[in-house]
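The chain contents come next:
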Amino acid sequence: MNTDPRRALPKMDALLAHPDVSARRRTWGHDAVADTARKVLANARSNLKGDPAPSLDQLAANVSKELDGLAAGRLRGVINATGVVLHTNLGRAPLSRAAREAIEAAAGYSTVEFDLRTGGRGKRGTAVNALLRTLTGAPAGLVVNNAAAALMLTLGALARGGEVVVSRGELVEIGGEFRIPAIMQAAGVDLVEVGTTNRTHLSDYANAITDRTALLLVVHTSNYRIEGFTARPGLDALVRLAREHSIPLVHDVGSGLVSGALGDEPTVLESLREDADLVIFSGDKLLGGPQAGLVVGRAELVGRLARHPIARAVRIDKLTLAALEATLMTHLAGTLDDLPVWRALRLTPEEIRPRAESLAQRLGGPAIVREGTSMAGGGSLPGEGLPSILVEIDPRPAREKTLLERLRAAEPPVIARMEKGRVIVDLRTVPVEQDEELSRIIQNALKESLESLPEKRDKC
Ligand SMILES: *Cc1c(COP(=O)(O)O)cnc(C)c1O
């Protein structure tokens, strides 16, 4: 008698015919399902070490699990209960209603490069550049994929093969591998560091300028702050120095605060007023729009950027274009509260408190309300918390990690933070319409995380 368990292993045909596996073919197509089934069978075969062969149902379940795992990393909407307004890992700025509608409208055929008046070819970005000029008063504007690309393009188009002078205090690293020295190198320019980490003087810049100097670069130290014994020349002084040597001054302001006052954030308008030749900023930080890199400034320089081959490689897509146009229109209208980022940033503790109290009340015993801070995030306003009212949840006897895990497994997933054994929910970043849903999800997660505790056995 042959006792080889391999012969007891279900056959490929039987596995493919299993109703669960067969059903997966509708979403995954035949080939992906067959490849996965083959892999699952091969695995099962090599794992047979005298054990009984897995049943057809077990194998079918493994096929489903494999396929689900492949889709698990797809983008999903989440509830951001962290209180970090521009959460880079959660996609920075949530888009406004108008921006979402514009994306929907542009998603089909749209006038990306089509001129409705002439019926002929149009230029991508014409409208967005006009909106940028109108909003900032700058003579020219250009939009690319993100601010890192905008800086790369600027350096490549204006300084390739030459030297770029930057203060040592501004050689920043921004989340996601954006490092000024690395960008410079990739753009083919020689970095000339001047001054020290905490103090750089006008004379440091002046002494570093040679006939190889192509431009002066000023970078906002978005995500950190140097305090104490510090010095740096004003932008106006640096602009004058650049003029004397007939080289451009480029200011990377980072977060895209257009005007107004918010902590120590530099604004685009201020920078233009001080006559920076080019100002670079991000679309998805304080501007509150989609990921994009915006450049405004002198027409001759912007023109050189627009004609450079890198510009084509880092051009903006139609969905982003649509969302950015809508976001810029909101800035023009001055209705910043229509932008979720600004609504969240401007919420006062008094506005958050009743929502927090109502949530805590619904969660009952394990939740209390206390004062705390939210963060702007996205490299904006480093070191400045926004006063908030937090809901602090005691997960005991389950652990806080278990509760956070349950929250992430919910539909939609909820992302919260932990602090000293507690789970912290900050409603600043939760749209008020989601309060109800959030409360239901936390209630369920609390229940589930208790149920998942290992059973206590009482032997007495
Ligand atoms: C965030 C930031 C960038 C990068 O912006 P992305 O749009 O993410 O590429 C560049 N420079 C500064 C100063 C920043 O704060």
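A few points on the structure. (Residues numbered from 1 in each chain as written. Predicted model: local features only at pLDDT ≥ 70, side-chain atom pairs only at ≥ 80, totals over all residues. Heavy atoms only, no water.)

## Looking at the pattern of salt bridges
Moving on, step 1. Considering all chains together, one arrives at 33 salt bridges under this definition.
Moving on, step 2. One salt bridge in this structure joins arginine 92 and aspartate 284, with 2.9 Å as the shortest N-O distance. With a gap of 192 residues between them, arginine 92 in the loop between β2 (84-86) and α5 (97-106) and aspartate 284 in the loop between β10 (278-282) and β11 (293-297) connect regions that are remote in the sequence.
Moving on, step 3. Judged by relative accessible area, aspartate 284 falls into the buried class, the value being 7%.
Moving on, step 4. One continuous salt-bridge network, built from bridges that share partners, spans Arg243, Asp275, Asp277, Arg298, Glu300 and Arg304. (Salt bridge = Lys/Arg side-chain N within 4 Å of Asp/Glu carboxyl O. Helix = DSSP H or I, 4+ residues; strand = E, 2+ residues; numbered from the N terminus. Buried < 20%, exposed > 50% of the residue type's maximum accessible area, 1.4 Å probe, protein only.)

## Thoughts on unusual backbone geometry
Moving on, step 1. Put simply, arginine 396 and proline 397 share a cis peptide bond, and its omega is 5°.
Moving on, step 2. For the bond from glutamate 411 to proline 412, the omega torsion is -5°, close enough to zero to count as cis.
Moving on, step 3. Residue placement: proline 412 occurs in the loop between α17 (400-408) and β14 (414-415).
Moving on, step 4. Even without a glycine there, the phi angle at arginine 92 is positive, about 50°.
Moving on, step 5. Note on arginine 92: relative accessible area 17%, which makes it buried.
Moving on, step 6. Even without a glycine there, the phi angle at serine 246 is positive, about 50°.
Moving on, step 7. Within the secondary structure layout, serine 246 lies in the loop between α10 (235-244) and β9 (249-254).
Moving on, step 8. On the accessibility criterion, serine 246 (65% relative accessible area) is exposed.

## Focus on the site of the ligand
Moving on, step 1. The local shell around the ligand holds 13 residues, among which Arg92, Ser222, Asp252, Ser282 and Lys285 are the closest.
Moving on, step 2. Here arginine 92 contributes a side-chain N or O atom positioned 2.8 Å from an oxygen atom of the ligand.
Moving on, step 3. Alanine 148 places a main-chain nitrogen or oxygen 2.8 Å from an oxygen atom of the ligand.
Moving on, step 4. Looking at the shell around the ligand, the elements that each hand over two or more residues are α7 (147-159) and β9.
Moving on, step 5. Per-class residue counts for the shell around the ligand are 5 nonpolar, 5 polar and 3 charged. (Near = heavy atom within 4 Å. Polar contact = N/O pair within 3.5 Å; in protein donor to acceptor, adjacent residues only side chain to side chain. Nonpolar A, V, L, I, M, F, W, Y, C, P; charged D, E, K, R; others polar.)

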